[in-house]
Amino acid sequence: MNEETLQVLGLAPLAVHPQFQRQGIGSALIKAGLEIAEAKKEAIVIVLGHPQFYTRFGFQPAVVYEIESPFPVPEEFFMVKPLQSYQEIYQGKVVYPSTFDGV
Ligand SMILES: CC(C)(COP(=O)(O)OP(=O)(O)OC[C@H]1O[C@@H](n2cnc3c(N)ncnc32)[C@H](O)[C@@H]1OP(=O)(O)O)[C@@H](O)C(=O)NCCC(=O)NCCS
């Protein structure tokens, strides 16, 4: 079996100060980030977060694409958004940079 490591984008961390939440700031940041990723011909964006929030931007459970979470979370919380450059080779277990250890 051929194994290869492919670099992809992760959307994190994302936070809006409680005083400014529910005014569209988080959504605007996500949309802008996805547009930049698309313009840079990135293939896929990964996010760990609330399905109700992220599905509205086109994120789907990663398992749908045979992409596996490195975290022991219910599968609907680990999501991906495939971009125009997505191909089926983007499968397997996600490895985060060590910066995320202990976050
Ligand atoms: C998630 C977060 C970034 C959203 O930012 P925001 O500027 O409030 O987002 P928006 O105003 O664009 O969108 C608000 C929508 O998000 C949803 N939402 C916001 N906070 C939420 C929360 N804590 N739980 C579930 N849904 C939430 C609301 O349902 C709202 O939907 P509506 O417009 O239909 O009412 C912000 O709530 C936050 O910083 N939360 C704490 C940190 C966090 O959980 N980060 C996500 C890590 S993946």
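Shown above is the structure to which this text applies.
Since the structure is predicted, the reported quantities are computational estimates derived from the model, not experimental observations. (Residues numbered from 1 in each chain as written. Predicted model: local features only at pLDDT ≥ 70, side-chain atom pairs only at ≥ 80, totals over all residues.)

A.B. asks: Can you break down the sheet that holds strand 2 (residues 44-48) residue by residue, with the values?
C.D. replies: Read across the sheet, four strands follow the order 1-2-5-3 without closing on themselves; strand pairing throughout is mixed. The two strands at the open ends of the sheet, each matched to only one other strand, are strand 1 (9-10) and strand 3 (60-61). Sheet topology places strand 2 next to strand 5 (residues 78-82); five bridges connect them, and they run antiparallel. Directly across from V45, in strand 5, lies its bridge partner K81. (Pairing = 2+ DSSP bridges. Helix = DSSP H or I, 4+ residues; strand = E, 2+ residues; numbered from the N terminus.)

A.B. asks: Break down the site of the ligand for me, with residues and values.
C.D. replies: Lining the immediate environment of the ligand, one finds 15 residues, of which Q21, I25, G26, S27 and G49 sit closest. Secondary-structure elements contributing two or more residues to the shell around the ligand are helix 1 (25-39) and helix 2 (51-54). Per-element tally for the shell around the ligand: the top contributor is helix 1, with three residues. Per-class residue counts for the shell around the ligand are six nonpolar, eight polar and one charged. (Near = placed C-beta within 6 Å. Nonpolar A, V, L, I, M, F, W, Y, C, P; charged D, E, K, R; others polar.)

A.B. asks: Describe unusual backbone geometry, and please don't skip the residues or the numbers.
C.D. replies: Backbone torsion omega between A12 and P13 reads -10 degrees, so that peptide bond is classified as cis. Among the structural elements, P13 can be located in the loop between strand 1 and helix 1. Even without glycine at this site, R22 takes up a positive phi of about 60 degrees. Position of R22 among the secondary structure elements: in the loop between strand 1 and helix 1. Residue R22 is classed as exposed on the basis of its C-beta count, with 9 C-beta atoms lying within 10 Å. (Buried ≥ 20, exposed ≤ 12 C-beta atoms within 10 Å, placed from the backbone.)

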